Amino acid sequence: MSEAGARAAASQAHQQDWARLIATLTRRFGDLDLAEEAAAEAFATAVARWPADGVPPNPGAWLTTTASRLAIDRLRRENKRQDKHREAQLLYDDDPPGPPGAIGDERLRLIFTCCHPALALESRVALTLRLVGGLTVPEIARAFLVQEAAMGQRITRAKAKIKAARIPYRVPSAEDLPARVSGVLAVLFLVFNEGYLVTGTGPDPVRHDLTAEAIRLTRLIRALLPQEGEVAGLLALMLLIEARRAARVSPGGELVTLADQDRGAWDAVLIAEGHRLVRERLAAGVAPGCYQVLAAINAVHTSAREVRDTDWSQIVALYDQLARLDASPVVALNRAIAVAELDGPEVSLAAVDRLAGPLAGYHAYHATRADLLRRLGRSQQSRAAYDMAIELAGNAAETAYLTRRRDQLG
């Protein structure tokens, strides 16, 4: 294999095996910091050695062995383990290895460890995105719309609290699950979102491994909590978004907006399952949470054979319901986008402009303004808004789309 191929293999292994490796090391050593540092060093070693030595037959096993040895070496150097019997157990871990690439419940245990109620909700989400999703600190900071340094400190404090409070690495008992499920769902949704539209300028704007894993884990949570409406809502939401994946990026690597997508390329099986879950929750007669309302919005979108058939009045009504549950500026922005289809771009622009303060650093805010200004014929202002959106956009496919739209202004 070429050097470039070996480096690509190391990068792919990082995407696929990061969380599994963190989970395995955490189970074995009981220390999140040690697990993360050993995993990072193992991947760095792979990038350095695989181009010269070749990619091993089982990259995941190679990474696990290498990371475990690195962790043991660090423990010895720092004299953190005085008990020789314990050290022997670390050297000769007799837990049977899982099949190559298998995750089993290891990742689920890691999620529940990170989502302990002793941690603030935002810290739970940020830490799990780092350790389970494999997202970088800049990517997580972007998801939270905060500065990178602040996010780094938040993650560091969360790991320290887990260690100080001796939070166990396990799936909690049934009675403990409800207290943790909100943080777990928030984590899974953000992991899904990162896969749905990758942060960064890499060649692949979508990471199917992340979206598929978020869906898989949400199914596991649903099996644990079959009556929890928000779990069903999140699963429905993910399925209805994932159903559109094949139509979201053009062959040239440009984002294709919902209005312009080939609806014949949508996955009918996923849409049917998502719609069934939405109907089940409606029939339950229980007031819905945020994920259930978002799933209902996506059900309306995916029910329309053509964009002109979309029931925008129902979507606006659902956003009104969502705003009562989550009065965030992002929800207000999305509602304004729907209002533009119902009441026109001028009404929508007035609502969008009121969000200038909280969303000044959010690329979608500027992209929305740019489109509304374009529709109103205010080309110079539209161009300036597109420029700002392009500057803030963190995805190559989005950047390509925004650039083309700006250049069409002349």
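All values derive from a computational prediction rather than experimental measurement.

**Q** What exactly am I supposed to notice about the overall build of the chain here?
**A** Helices and strands together make up the secondary structure of the chain, namely 19 helices and zero strands. Across the 410 residues of the chain, 49% fall into the buried class. Of the contacts formed within the chain by residues at least 6 apart in sequence, a portion of 64% connects residues at least 24 apart. Working note: accessible area of the chain is about 19,500 Å², and carbon and sulfur atoms make up 53% of it.

**Q** So what exactly am I meant to see when it comes to the pattern of salt bridges here?
**A** Pairing is possible between side chains that carry opposite charge, provided their charged atoms lie close to one another. One pass over the structure, following the stated rule, counts 20 salt bridges. Between Glu-213 and Arg-216 there is a salt bridge, and its shortest N-O distance comes to 2.9 Å. One end of the pair, Glu-213, and the other, Arg-216, are both in helix H10 (residues 208-224), three residues apart, so they sit about a helical turn from each other. Here Glu-213 falls in the buried class, since its relative accessible area comes to 11%. Through salt bridges that share partners, Glu-341, Asp-371, Arg-374, Arg-375 and Arg-405 make up one connected network.

**Q** For this particular structure, what's the right way to read the packing of aromatic side chains?
**A** Aromatic ring pairs are defined here through the distance separating the ring centres and the angle between the ring planes. Enumeration over the complete set of coordinates arrives at three aromatic pairs. Ring centres of Phe-189 and Tyr-291 lie 5.6 Å apart, and the angle between their planes is 80°; this geometry places the pair in the edge-to-face category. Of the two residues, Phe-189 sits in helix H9 (residues 177-196) while Tyr-291 sits in helix H13 (residues 290-303), which places them 102 residues apart along the sequence. Their ring planes at 15° and their centres at 6.3 Å tell us that Phe-192 and Tyr-196 sit as a pair that is stacked. With Phe-192 and Tyr-196 both in helix H9 and four residues apart, this pair spans about one turn of that helix. Judged by relative accessible area, Phe-192 falls into the buried class, the value being 0%. We classify Tyr-196 as partly exposed; its relative accessible area is 24%. For the cation-ring pair, Arg-244 lies above Trp-266, with the distance from its terminal atom to the ring centre recorded as 6.0 Å. Between the NZ or CZ atom of Arg-248 and the centre of the ring of Tyr-196, over which it lies, the distance is 3.6 Å.

**Q** What is the right way to read the nonpolar core from this model?
**A** As a rule of thumb, soluble globular proteins bury nonpolar side chains together. Membership of the largest hydrophobic core comes to 95 residues, with the highest contact counts inside it found for Leu-110, Leu-127 and Ile-221. Per-element accounting of this core gives the leading share, ten residues, to H9. What Leu-127 contacts, discounting residues up to four positions off in sequence, is Leu-32, Cys-114, Leu-119, Ile-155, Ala-158, Lys-159 and Ile-162. Counting 23 residues, the second-largest nonpolar core is a separate cluster that includes Leu-255, Ala-367, Ala-370 and Ala-385.

**Q** I tried to follow the packing of helix H18 (residues 379-392) against helix H19 (residues 396-407) on my own but got confused; where do I start?
**A** Packed helix pairs are specified by the crossing angle of their axes together with the interaxial distance, meaning the distance between the axes. Axis separation between H18 and H19 bottoms out at 10 Å; the angle between their running directions is 165°. As the angle between them shows, H18 and H19 are arranged roughly antiparallel. For the pair H18 and H19, the crossing hand works out as left-handed. On the side of H18, the interface is formed by Arg-383, Tyr-386, Asp-387, Ala-389 and Ile-390, while H19 contributes Thr-399, Leu-402, Thr-403, Arg-405 and Arg-406.

**Q** Sorry if this is basic, but what is going on with the side chain of Thr-218 here?
**A** Here Thr-218 is to be found in helix H10. When sequence neighbours within four positions are dropped, the list of residues in contact with Thr-218 reads Leu-188, Val-231, Leu-234, Leu-235 and Met-238.

**Q** Whenever I open this one, the packing of helix H12 (residues 268-284) against H13 confuses me. Can you help?
**A** Running from N to C, H12 and H13 cross one another at 130°; their axes reach a closest spacing of 10 Å. Considered as vectors, H12 and H13 are oriented oblique to each other. For the crossing formed where H12 meets H13, the hand is left-handed. Of the residues in H13, those in contact with Ile-271, His-275, Val-278 and Arg-281 of H12 are Gln-292, Ala-295, Ala-296, Ala-299, Thr-302 and Ser-303. For the contact of H12 with H13, the residue count by class is five nonpolar, four polar and one charged.

**Q** I tried to follow the environment of Glu-341 on my own but got confused; where do I start?
**A** Of note, Glu-341 is situated in helix H15 (residues 329-343). A relative accessible area of 39% means that Glu-341 is categorised as partly exposed. For Glu-341 and Asp-311, which are 30 residues apart along the polypeptide, the C-alpha to C-alpha distance reads 9.8 Å. A polar side-chain atom of Glu-341 sits 3.3 Å from a polar atom in the side chain of Arg-375.

The rules behind these values
- Residues numbered from 1 in each chain as written.
- Predicted model: local features only at pLDDT ≥ 70, side-chain atom pairs only at ≥ 80, totals over all residues.
- Heavy atoms only, no water.
- Helix = DSSP H or I, 4+ residues; strand = E, 2+ residues; numbered from the N terminus.
- Buried < 20%, exposed > 50% of the residue type's maximum accessible area, 1.4 Å probe, protein only.
- Contact = heavy atoms within 4.5 Å.
- Areas by Shrake-Rupley, 256 points an atom, 1.4 Å probe, with all protein chains shown as cover.
- Salt bridge = Lys/Arg side-chain N within 4 Å of Asp/Glu carboxyl O.
- Phe/Tyr/Trp six-rings, centres within 6.5 Å; stacked < 30°, edge-to-face > 60°.
- Lys NZ or Arg CZ within 6 Å of the ring centre and 35° of its normal.
- Core = buried A, V, L, I, M, F, W, Y, C linked by side-chain atoms within 4.5 Å.
- Axes fitted to C-alpha atoms, helices over the stretch in contact; angles between N-to-C directions.
- Parallel < 35°, antiparallel > 145°, perpendicular 65-115°, else oblique.
- Left-handed = near helix turned anticlockwise from the far one by under 90°.
- Nonpolar A, V, L, I, M, F, W, Y, C, P; charged D, E, K, R; others polar.
- Polar contact = N/O pair within 3.5 Å; in protein donor to acceptor, adjacent residues only side chain to side chain.

Shape descriptors only; they carry no functional weight alone.
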